[in-house]
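Summary of the model geometry
Listed here are the chains, written in short residue letters.
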Amino acid sequence: MTTPVPFLSDNAAAVHPKVWEAMRAADSADNPYDGDALSGELDARFTELFGRDCAALWVATGTAANCLALATMVQPHGAVVCHAEAHIEADEGGAPGFFLHGAKLILCGDGHGGEGAKLTLEQIAATIDSIRDDVHQVQPHAIAITQASEYGRVYGRDELAALADFATSRNLGLHMDGARFANAAAFLGGSARDAAHGVDSLAFGLIKNGAMGAEAIVLFDPEQADLVRYRRKRAGHLQCKGRYLAAQILVMLEDDLWLENARHANAAAQEIAAGCGERLMHPVEANELFVRLTQTEREALRRHDFAFYDWGPDAARFVTAWNTREEDAQALGKAIARL
Ligand SMILES: *Cc1c(COP(=O)(O)O)cnc(C)c1O
């Protein structure tokens, strides 16, 4: 059997060799939990990256990062406004309700297609304005957006500025699920500042982009760090060998490895997109492609060993990663073009 050519998901991509090296280098003894020197560097490194004060804490999953961050802004009787196809709604197994003690998700958005799971100010305002300000209705406490979105679309700086102004005017927190933040920042010219402009918290994803098991919760109100620290322990997410998580995060930030990896993945996605033409369901801005393909066409691609997920009955999803081989991306693009 030949090895499948992997376009299933970046969450299955290999660990970057520099991440393995950094973990080996963290072998020398240090304090447990987050009392080690590497964990102690995180706040400063992220403050430097974003050019504004922040605190950063590691966790092992994006789900925990999203939910612990949201817990800084959402009370149990409140709600998070998010897109109907947001990861927190569709792919976190009810974790937001669990971490937020029953707080509700209020969904907006137009289902499949359209905006590519990005929220517009109009959608958010319409959703929030339809909620009566009385005790019988659950009140929104935060807005959550995903950068890049569940369909690989990117919020630009101006869009984020408008969302942030709106959130401030309504006294709502603004959280960003950044499982593919690096791919979004790479699309925006490499600026972490622009890609997270105005948000109150960010789940900074690293695992899909080459780390092994560390994501960063970035809190732009550093005073919230203690709350998250206590909640992280209570949630069973305070790892005792925390220095290995911090090491992964620090090496990804060093010399912009996070951006280099994301640029590679995005470029591979463009190689594939070049062969897709009218089949593309969404503009390709990051590292995911949603492509109209019949079942027969998908079977033909699988006979050539391309591995990917079906996306409903008439489409497929392809995801590139930091280690996607250029020749594989080109071959897939050509194979789709030939269908
Ligand atoms: C992958 C992903 C996450 C994180 O998922 P975990 O499996 O919990 O690490 C969060 N949000 C989005 C949009 C994702 O694609």
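One structure accompanies this document, and this report is about it.

What counts, and where the lines are drawn
Each residue is numbered by its place in its chain's sequence as written, counting from 1. Totals for whole chains, interfaces and linings use every residue, but because this is a predicted model, local features are given only for residues with pLDDT of at least 70 and side-chain atom pairs only at 80 or more, for both listing and counting. Values reported for side chains reflect all heavy atoms of the structure, with hydrogen atoms and water molecules removed beforehand. Any residue with relative accessible area above 30% and no salt bridge may belong to a patch, with like charges joined within 9 Å and the nonpolar Val, Leu, Ile, Met, Phe, Trp and Tyr side chains within 5 Å. Note that accessible areas follow from Shrake-Rupley with a 1.4 Å probe, and for residues the cover is restricted to the protein chains shown. Basic side-chain nitrogens of Lys or Arg form a salt bridge, by our definition, when they fall within 4 Å of a carboxyl oxygen of Asp or Glu. The charged-residue count follows a simple rule in which Lys and Arg add positive charge and Asp and Glu add negative charge, with His and chain termini not counted at all. To locate a charge, the coordinates of NZ of Lys, CZ of Arg, CG of Asp or CD of Glu are taken. Numbering of helices and strands runs from the N terminus; a helix is a DSSP stretch of H or I covering at least four residues, while a strand is a stretch of E covering at least two. Exposure categories follow from relative accessible area, calculated using a 1.4 Å probe and restricted to protein chains: below 20% of the type maximum is buried, above 50% is exposed, and the middle band is partly exposed. Any pair of residues with heavy atoms lying within 4.5 Å of one another is described as a contacting pair. In this description, a nonpolar core means a group of buried Ala, Val, Leu, Ile, Met, Phe, Trp, Tyr and Cys residues linked to one another through side-chain atoms lying within 4.5 Å. Whether two aromatic rings pair depends on their centres lying within 6.5 Å, for rings of Phe, Tyr and Trp, where Trp uses its six-membered ring; planes under 30 degrees apart make the pair stacked, over 60 edge-to-face, and the rest tilted. By definition, being over a ring means that NZ of Lys or CZ of Arg is both within 6 Å of the ring centre and within 35 degrees of the ring normal. The way it works is a 1 Å grid over only the protein atoms, where trapped points that fit a 1.4 Å probe form a cavity and open points with protein on both sides within 12 Å along at least five of seven lines form a pocket, and then any residue with an atom within 4 Å of a point lines it. Grid points are joined across faces, edges and corners, and a volume is the space filled by probe spheres set on the points. Following the grouping adopted for this structure description, the nonpolar residues are Ala, Val, Leu, Ile, Met, Phe, Trp, Tyr, Cys and Pro, the charged ones are Asp, Glu, Lys and Arg, and the polar ones are all others, Gly among them. Here, any two strands with at least 2 DSSP bridges between them count as paired. Structural elements are reduced to axes, namely lines fitted to C-alpha atoms, with helices fitted over the stretch in contact, and the angle between N-to-C directions of any two is expressed from 0 to 180 degrees.

Together, E254, D255, D256 and E260 make up a negatively charged patch on the protein surface. Within the secondary structure layout, E254 lies in the loop between α11 (242–253) and α12 (257–273). For E254, a relative accessible area of 45% puts it in the partly exposed group.

Okay, the environment of A214 next. Among the structural elements, A214 can be located in the loop between β7 (201–204) and β8 (215–219). Owing to a relative accessible area of 0%, A214 belongs among the buried residues under this scheme. Excluding residues that lie within four positions of it along the chain, A214 makes contacts with V59, L206, I207, L245, Q248 and I249.

Our next topic: unusual backbone geometry. A148 follows Q147 through a cis peptide bond whose omega is -10°. Checked against the element boundaries, A148 lands in the loop between β5 (139–146) and α7 (157–169). Although it is not a glycine, H101 sits at a positive phi angle of roughly 55°. By secondary structure assignment, the location of H101 is in the loop between α5 (95–99) and β4 (104–108). A relative accessible area of 40% means that H101 is categorised as partly exposed. Phi at D255 takes a positive value of approximately 50°, unusual for a residue other than glycine.

Quick look at the nonpolar core now. One finds F46, F50, I143, F181, F204 and W258 to be the most contacted residues of the largest nonpolar core, which totals 61 residues. The biggest single contributor to this core is α11, with 9 residues. Beyond its immediate stretch of four places on either side in the chain, F204 contacts F46, L49, F50, G178, F181, E215, A216, V218, L253 and W258. V5, L301, F308 and A316 belong to the second-largest nonpolar core, a separate cluster that totals 20 residues.

All right, on to the packing of aromatic side chains then. Per the counting criterion, the structure on display carries 14 aromatic pairs. With centroids separated by 6.0 Å and ring planes inclined at 85°, the aromatic side chains of Y151 and W311 adopt a geometry described as edge-to-face. Note that Y151 is positioned in the loop between β5 and α7 and W311 in the loop between β11 (309–310) and β12 (315–319), a separation of 160 residues in sequence. The class for Y151 is buried, based on a relative accessible area of 2%. For the ring pair F181 and F204, a centre distance of 5.1 Å and an interplane angle of 55° mean the geometry is tilted. Remark: F204 occurs in strand β7 and F181 occurs in helix α8 (residues 181–187); sequence separation between them is 23 residues. For the pair F181 and F204, one class covers both residues: buried. In this structure an aromatic cluster arises from ring pairing among F46, F50, F181, F204, F220 and W258. Positioned over the ring face of F220 is R52, at 3.8 Å from the centre of the ring. The lysine or arginine in question, K118, covers the ring of Y155, its NZ or CZ lying 5.2 Å from the ring centre.

This brings us to the layout of surface pockets. Space inside the largest pocket adds up to approximately 370 Å³. Along the wall of the largest pocket there are 21 residues; nearest its centre are H87, D91, E150, R180 and R317. Of all the elements in the fold, those that place two or more residues in the lining of the largest pocket are α4 (87–90) and β6 (173–178). Roughly 230 Å³ of internal volume is contained in the second largest pocket. P6, F7, A13, N323 and T324 are the residues nearest the centre of the second largest pocket, which is lined by 17 residues in total. Taken together, the residues of the lining of the second largest pocket break down into 10 nonpolar, 4 polar and 3 charged.

Our next topic: the sheet that holds β4. Read across the sheet, 7 strands follow the order β2-β8-β7-β6-β5-β3-β4 without closing on themselves; strand pairing throughout is mixed. Every interior strand has two partners, whereas the edge strands, β2 (55–59) and β4, have only one. When the angles between neighbouring strand axes are averaged without regard to direction, this sheet yields 25°. Sheet contacts for helix α6 (residues 121–129): β3 (78–83), β4 and β5; angle to β4, the most-contacted strand, approximately 125°.

Applying the stated criterion to the full structure yields 1 cavity of 30 Å³ or more. In this structure, the largest cavity encloses a volume near 60 Å³. For the largest cavity, the lining is made up of 13 residues, of which D10, N183, K208, N209 and N287 are closest to its centre. The element best represented in the lining of the largest cavity is α8, accounting for 3 residues. By residue class, the composition of the lining of the largest cavity is 6 nonpolar, 4 polar and 3 charged.

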